Amino acid sequence: MTPIKILFISIEGNTRSFIKDLTKYAVGMHDQDSSNPLVISKEISDQSDFEDESDPFFAFVPTYLDGGNGIDNGVKELMTNTLGEYIAYGKNASLCHGIVGSGNKNFNEQYCLTAKRYASQFNVPFLADYELRGTGRDVERIYKLLAKG
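Here is what the cut-offs are and how they apply
- Residues numbered from 1 in each chain as written.
- Predicted model: local features only at pLDDT ≥ 70, side-chain atom pairs only at ≥ 80, totals over all residues.
- Heavy atoms only, no water.
- Helix = DSSP H or I, 4+ residues; strand = E, 2+ residues; numbered from the N terminus.
- Expected span 1.5 Å × (residues − 1).
- Contact = heavy atoms within 4.5 Å.
- Pairing = 2+ DSSP bridges.
- Axes fitted to C-alpha atoms, helices over the stretch in contact; angles between N-to-C directions.
- Salt bridge = Lys/Arg side-chain N within 4 Å of Asp/Glu carboxyl O.
- Buried < 20%, exposed > 50% of the residue type's maximum accessible area, 1.4 Å probe, protein only.

### Notes on helix α4 (residues 136-147)
With 12 residues, α4 extends 16 Å between its outermost C-alpha atoms, agreeing within 8% with the 16 Å of an ideal straight helix rising 1.5 Å per residue. Buried residues along α4 sit in contact with β1 (4-8), α1 (14-32), β2 (39-43), β3 (57-62), β4 (96-103) and β5 (126-131). At the exit of α4 stands Gly149, carrying a positive phi of roughly 95 degrees.

Printed below as a string of structure tokens:
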């Protein structure tokens, strides 16, 4: 089975930790049944060279905003712009099959706002969310969702 490809950006390590857990979970599922896909991932950062992607992927993005309420003011994203630029590069956006967002639910309307905005910008579905580093239940839920294709 074709692996699940994920592009992500991680600022404070939460998204990186979630992707690590998701990858480990996928290995366990694949070991039980080889028809379950593995996860391959690529971390995008300010140091990344932009490349033309050749395989479909999902993007994982946390939310960091510059103050305001995130709706009618303060919607300037901070620190995650490189992932959006990478997806917009060349024809990469045409290979993006959806966005998964993370954030802190204490920020109410701002929770996962960057992921929702990316989904709108690239005309792809906002697939799922999880808070901070996520839980084992989040890993299982999101793996199943992505494995469906």
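From this point, the discussion proceeds with the structure in view.
### What about the sheet that holds β2?
Strands sit in the order β2-β1-β3-β4-β5 across an open sheet of five strands; the sheet is parallel. Edge positions in the sheet fall to β2 and β5, since each of these pairs with one other strand and no more. Neighbour to neighbour, the strand axes of the sheet diverge by 25 degrees on average, direction disregarded. Examined bridge by bridge, β1 and β2 share five bridges and lie parallel to one another. Each bridged residue has a counterpart across the sheet, and for Lys5 the counterpart in β2 is Ile40. Those strands touched by helix α3 (residues 113-122) are β3, β4 and β5, and its axis lies near 165 degrees from that of β4.

### Looking at the pattern of salt bridges
Counting across every chain of the model gives six salt bridges. Close ionic contact of Glu51 with Lys42 constitutes a salt bridge, the shortest N to O distance being 2.8 Å. Taking the relative accessible area as the measure of exposure, Lys42 reaches 23% and is therefore partly exposed.

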